Amino acid sequence: MYPVPVAGVRELLVTSGSTMAAAEVARQMSEGARNLSLSGHVGFDSMPDQLVNKSVCQGFCFNILCVGETGLGKSTLMDTLFNTRFEGDPAVHNQPGVHIKSNNYELQESNVRLKLSIVNSVGFGDQINKEESYKSIVEFIDAQFEAYLQEELKIKRTLHNYHDSRIHVCLYFIAPTGHSLKSLDLVTMKKLDSKVNIIPIIAKADSISKNELQKFKIKIMSELVSNGVQIYQFPTDDETVAEINGTMNAHLPFAVVGSTEEIKIGNKMMKARQYPWGTVQVENENHCDFVKLREMLIRVNMEDLREQTHTRHYELYRRCKLEEMGFKDTDPDNKPFSLQETYEAKRNEFLGELQKKEEEMRQMFVMRVKEKESELKEAEKELHDKFDRLKKLHQDEKKKLEDKKKSLDDEINAFKQRKTAAELLQSQAQQSGSQQTLKREKERKNFF
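Model, not experiment: these values are computed from the prediction. (Residues numbered from 1 in each chain as written. Predicted model: local features only at pLDDT ≥ 70, side-chain atom pairs only at ≥ 80, totals over all residues. Heavy atoms only, no water.)

Regarding the sheet that holds strand 5 (residues 198-202)
Piece 1. Taken together, the six strands give an open sheet; going across it, the order is 2-3-1-4-5-6, and neighbouring strands pair in mixed fashion. A strand with exactly one partner marks an edge of an open sheet, and here the two such strands are strand 2 (99-109) and strand 6 (254-255).
Piece 2. Note that strand 2 and strand 3 (residues 112-122) share 11 bridges and pair antiparallel. By the bridge assignment, Asn 103 is partnered in strand 3 with Ile 118.
Piece 3. The strands touched by helix 6 (residues 183-192) within the sheet are strand 1 (60-67), strand 4 (169-174) and strand 5, with strand 4 carrying the most contacts at an inclination of about 170°. (Pairing = 2+ DSSP bridges. Helix = DSSP H or I, 4+ residues; strand = E, 2+ residues; numbered from the N terminus. Contact = heavy atoms within 4.5 Å. Axes fitted to C-alpha atoms, helices over the stretch in contact; angles between N-to-C directions.)

Regarding the packing of aromatic side chains
Each aromatic ring pair is described using two quantities: the centre-to-centre distance and the angle formed by the ring planes.
Piece 1. All told, the structure shown has 10 aromatic pairs when counted by the stated rule.
Piece 2. Ring geometry for Phe 234 versus Phe 254: centroids 6.1 Å apart, planes at 25°, classification stacked. A residue pair is termed long-range when its members are at least 10 positions apart, and Phe 234 in the loop between helix 7 (210-226) and helix 8 (239-249) and Phe 254 in strand 6 qualify at 20 residues.
Piece 3. Assessed through its relative accessible area of 0%, Phe 254 is described here as buried.
Piece 4. When the ring centre of Tyr 148 is taken as origin, the NZ or CZ atom of Arg 166, which lies over that ring, is 3.7 Å away.
Piece 5. In this structure, Arg 166 packs its charged tip against the face of Tyr 314, placed 4.8 Å from the ring centre. (Phe/Tyr/Trp six-rings, centres within 6.5 Å; stacked < 30°, edge-to-face > 60°. Buried < 20%, exposed > 50% of the residue type's maximum accessible area, 1.4 Å probe, protein only. Lys NZ or Arg CZ within 6 Å of the ring centre and 35° of its normal.)

Structural notes on the pairing of strand 4
Piece 1. Within strand 4, six of the six residues are buried, leaving the element largely enclosed by the surrounding structure.
Piece 2. Because side chains alternate across strand 4, one face comprises the buried residues Val 169, Leu 171 and Phe 173, and the other comprises Cys 170, Tyr 172 and Ile 174, equally buried.
Piece 3. When strand 1 meets strand 4, the two strands line up parallel, connected through four bridges. Of the residues in strand 4, the one forming a bridge with Val 67 is Tyr 172.
Piece 4. Summarising the sheet, strand 4 and strand 5 pair through five bridges and their orientation is parallel. Its bridge partner lying in strand 5, Leu 171 is registered against Ile 199.
Piece 5. In the classification by handedness, the crossover that spans strand 4, the intervening helix 6 and the parallel strand 5 is right-handed. (Right-handed = clockwise from strand over helix to strand, strands pointing away.)

Structural data, given as structure tokens:
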């Protein structure tokens, strides 16, 4: 649970009561209180013990985001940090894009329970075009902020048992090139530095020599500063950890080596990596910065990372989202804003925009209907013209056919007349021929 700020109390009072009453309460809270001495033991000195007992009973949550190219040993380092073996399949290099994979675990050490989330950016840096590699990471972080904000804005909230999935720290794995940061590293860290606590680490630091490693560290910090990348600085305002944190800030970025393999060195079994030329001891500070990373990340500054996530990064996201929604702390007269008035103003503004859009859509609909009617009338006119043309063409064709039929009928009649005349002539010729034949027969008979 996180403490409620005075501004939050004031907003609640403004919401539940009048503005004047809230302003009066805020004024009284801002005034200095008198110091009084006690004449006997009261018992509120047990508050720290009560808080510890309550926190131990509820347990803690811690969410780690691992960003880096495939093959830099992110999973191995997580196993080494928490002295266990988290399940997971090794990533391949043929991912079409970057996607986020989150795994949740419950760990217990002594009587303290820890809900641990390890989020890995699978496929980061494996694509040819790396321009949008950071987008899925940024979207995931914003999605966790949005989920927490939505839970806060609910009427019936359950923040006491809400699973906080906001990213508390980003371990950014840098390839041990020994030269300089890649453009992808600079762009990604610049996009993330306002959303999450970034701790840069040089992965597989046993692959370069000590001299090269020290120069590489200086080069990395110089490039981060020159490009305006804000990484997480271990806090020095607490006197109990100021000295060690100030010293460790000078060692950033940490050069780490991870290994779950235990090798017997002397009389002890130690986590190490065995090479033909020698052995790299993971927990030997002369060999790598793994112990420094574990001390700073888990044993000293875990609660500060959680607090920074809530008070800095989440508050920035929350403020931007509420400002986008139209909420403000004060009006132009520097008076506290009423949540109800802000809601009503925003609602009226929204209804006005809705009516405006509705009117625009209505006008657009009417205009499109008119355009459609005009198109239909034009199409109807074209159809009528086409029908008239076809009708006239049909009439012309019909007239031609009738004329041709009449001509054919005249030719038939003339042919019939000629045929009749020919038949008549033929019959007359046959009659005259038969008469002549009879006459000749008679003449022949008379001759004999």
